[in-house]
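Fold and geometry: a report
The primary structure of each chain is shown beneath.
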Amino acid sequence: MDAILFGTEYSRNLTHEIYPVLDDKRSCVYGVPSPETTFPVTPKSYAPLEGRPLGVAIIGNFLRTKGADAIINLLEIAHPEHFEFHIFGYIHPDYEAVVRGLNRDNVKFYGRYNAGDISALTVADVALNLSIWPETYCISLSEAWQSGLIPVVTDVGALGDRVEDGVNGFKVPIGRPDVVLERLELLRSSEYMRKDIMQNITPALWVTASDYAEKMRTLYHDIAPLRPLGTAELQVDAGQLHILPHKSWRHQAPPRHIFDPPTQHDLMIELPEPVMDWVGIQGAEYYVDDVCHRVLSRSGLETFQPADEFHIRGWYVLPDCNSSGAIYTALISQDDDTVIFVSCSREARGDVTAFLPNAPLRSGFSGKAALRGKWCEGAFRIGLVNIVNGAASFLLTPIIIEVKGAKVISLRNQIPENEVVLNSFDRVAGRDGVLRGIKLDRLMQRKWYFESAEFLFFIDAFADLLGQEGDATDNLPSAQFFTRGWGFMRRFDRAGDMFLALVSRDGAQVIFFGLQRAPRLDVQNEFNEAPLSVGFQGHIDLEAGYYSDLTGLYDVCLVNTIGTSYGLKAISIELELKENKLVQSRYRSLTPEDEARFEGAIRQRIEKQDGLTW
């Protein structure tokens with residue numbers, strides 16, 4: 001391979017990090033050309049709204065990965081007299097009944113549109129691209145710009161690369177329809193801003209087919225220079241001989257990936273999507289209709305026949321939540337610490353809404369998976385995890401299955417005790433991909449935004465300073481200690497993740513340790529606004545993880561991350577460490593200057609991550 005092409009710098013940097021060998025190759029960021037149109041596209045020119053609703057176009061496939069859940073929430077909270085939504089493209093069946101069931105006069109449907117047929121987009125003023133995963137380029141963003149629309153996009157992948165916030169569009173966090181609505185209200189109320197942004201939308205923001213073809217022609221000739229053969233009128237470019245069709249081309253086997261069906265990853269050992277807060281444990285209305293196509297009655301359990309694959313179907317309704325979100329079945333092993341997640345499809349359940357009027361239309365779910373391999377064998381309790389815009393709830397059912405030889409061989413009911421429920425919840429909540437208890441040199445994200453919200457906290461146990469019997473603070477190696485407490489940021493309705501940060505006295509060294517979140521009803525009794533999982537605890541290992549020698553005096557700070565936001569709180573505790581071992585922990589009175597100094601060091605370390613990738 002001589003060269004590799006990318007749509008954006010994000011794609012290039014990520015691929016180079018995964019495959020360092022590409023650093024020795026030629027990498028070109030050429031973008032992706034927009035489809036040619038029959039007639040030239042005339043971008044929409046600025047015109048004052050003069051009281052009419054702001055037109056908002058939703059372009060492309062209406063899928064979960066394209067931000068469908070956030071869009072549905074936006075349609076529900078947006079004032080119908082202020083905004084008119086135009087949905088262009090295919091709507092997935094899981095969402096079509098929900099979107100059309102909203103019965104909003106300000107929501108218009110146009111169905112599928114052909115690539116390049118973008119003249120219809122001029123009915124809108126703004127375009128939404130709210131993907132929840134990194135796009136590689138996003139042609140629909142180019143089409144929106146070509147039509148003169150102002151894009152509002154999620155700050156991830158190519159969307160975050162291509163849009164300059166407040167200049168040629170707006171960038172918003174993933175899963176935050178409230179922030180999207182704020183930007184739409186800003187564009188609706190500020191004619192000056194809308195006009196200014198539209199003037200910044202120029203052809204330099206997208207790639208044309210002719211420009212792309214010229215770049216490709218230049219690239220090919222640079223890699224394989226022109227070397228004519230022969231002196232007759234017909235000359236052959238020796239450097240391009242390899243692209244001439246060979247007479248045997250029609251007999252060659254096609255690349256397998258062209259015709260093979262897409263690979264589906266139906267089993268996961270980590271939570272399939274981010275969870276910013278756990279809002280409920282055993283607090284949902286639910287019913288399991290069948291497992292492995294067997295109704296859960298006494299006769300059904302007694303006559304159960306081994307099944308070749310796991311299957312589950314039922315419904316799940318979280319009180320006071322009118323959005324169905326995504327649901328996953330958690331298979332929690334009774335033999336070891338294995339937790340397997342199975343993605344379920346949402347289904348419309350009119351029978352449920354008949355007796356639960358506030359239930360979402362898509363309250364039903366069904367899922368299936370083949371349990372192959374020894375790691376899938378044993379007894380598993382069945383749990384359900386419902387995630388709605390980063391807020392999750394957990395429910396442990398009484399159902400237990402036993403898997404052996406790639407088959408579900410038995411099925412039984414056993415009501416779980418409270419201790420079993422809480423233990424199962426801790427295991428599921430801990431499968432979020434966060435590395436806990438070991439040294440980290442950074443937080444697992446590229447962009448962070450500091451929040452100065454009031455940070456409330458309390459430390460119940462910390463090393464040998466605080467604690468009570470049963471806190472697991474005794475008999476630990478000198479390189480480990482235990483901490484437990486609670487903390488949250490006011491004005492946020494979610495707990496997020498909690499980290500312990502150690503800052504060297506000179507501020508040059510900052511190390512993070514992930515902590516496990518836990519429910520604390522006692523805190524909710526004192527603070528009504530406190531999230532459910534406001535508690536935290538963790539065993540800190542000073543030797544494991546990132547290679548860094550910890551020697552000297554270190555101040556301690558709590559770091560609370562929620563989505564893309566984070567807050568800090570200093571703790572009046574200092575640690576004396578020597579060669580990654582705890583010598584002594586003691587209280588320390590902090591002056592405002594002390595707090596500002598090492599909080600500044602943490603902020604500098606966190607916000608320095610913008611240029612790094614994972």
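Refer to the preceding data block for the structure.
Residues numbered from 1 in each chain as written. Predicted model: local features only at pLDDT ≥ 70, side-chain atom pairs only at ≥ 80, totals over all residues. Heavy atoms only, no water.

When you go through the protein chain residue by residue, the secondary structure sums to 14 helices and 30 strands. Residue pairs in contact within the protein chain that sit at least 24 positions apart in sequence constitute 69% of those at least 6 positions apart. Counting every atom, the protein chain has about 30,600 Å² of accessible surface; 51% of that belongs to carbon and sulfur. (Helix = DSSP H or I, 4+ residues; strand = E, 2+ residues; numbered from the N terminus. Contact = heavy atoms within 4.5 Å. Areas by Shrake-Rupley, 256 points an atom, 1.4 Å probe, with all protein chains shown as cover.)

Of all the ten residues making up helix α2 (residues 68-77), eight are buried; the element is thus mostly covered by neighbouring parts of the structure. Along α2, the residues that are buried comprise Ala68, Asp69, Ala70, Ile71, Ile72, Asn73, Leu74 and Leu75. The inward-facing, buried residues of α2 abut β3 (54-59), β4 (83-88), α3 (93-101), β5 (107-111), β6 (126-129) and α6 (177-189). (Buried < 20%, exposed > 50% of the residue type's maximum accessible area, 1.4 Å probe, protein only.)

The next thing to look at is the nonpolar core. In terms of nonpolar packing, the biggest core is built from 43 residues, with Phe62, Phe83, Phe85, Leu128, Val152, Val180 and Leu184 touching the most fellow members. Sequence-distant contacts of Phe83, defined by excluding residues within four places in its chain, comprise Pro53, Leu54, Val56, Ala78, Asn106, Leu181, Leu184, Glu185 and Arg188. Ranked by size, the runner-up nonpolar core spans 30 residues in total, among them Ala284, Phe365, Val388 and Leu411. (Core = buried A, V, L, I, M, F, W, Y, C linked by side-chain atoms within 4.5 Å.)

Here the focus is the pairing of strand β29 (residues 565-578). When you tally the buried positions in β29, you get ten out of 14 residues, the bulk of the element. Inspection of the sheet shows strand β28 (residues 552-562) paired to β29 by eleven bridges, in the antiparallel sense. If you follow Asp555 over to β29, its bridge partner there is Glu574. With antiparallel pairing between neighbouring strands as the criterion, β28 and β29 make up a hairpin whose turn holds two residues, including Gly563 at a positive phi of roughly 65°. (Pairing = 2+ DSSP bridges.)

In this section: the packing of α2 against α6. Direction vectors running N to C along α2 and α6 enclose 55°, while the axes themselves pass 9 Å from each other. Taken as axis vectors, α2 and α6 run oblique relative to one another. For the crossing formed where α2 meets α6, the hand is right-handed. Residues Ala70, Asn73, Leu74 and Ile77 of α2 touch α6, and the partners they reach there are Pro177, Asp178, Val180, Leu181 and Leu184. A class-by-class count of the residues in the contact of α2 with α6 yields seven nonpolar, one polar and one charged. (Axes fitted to C-alpha atoms, helices over the stretch in contact; angles between N-to-C directions. Parallel < 35°, antiparallel > 145°, perpendicular 65-115°, else oblique. Left-handed = near helix turned anticlockwise from the far one by under 90°. Nonpolar A, V, L, I, M, F, W, Y, C, P; charged D, E, K, R; others polar.)

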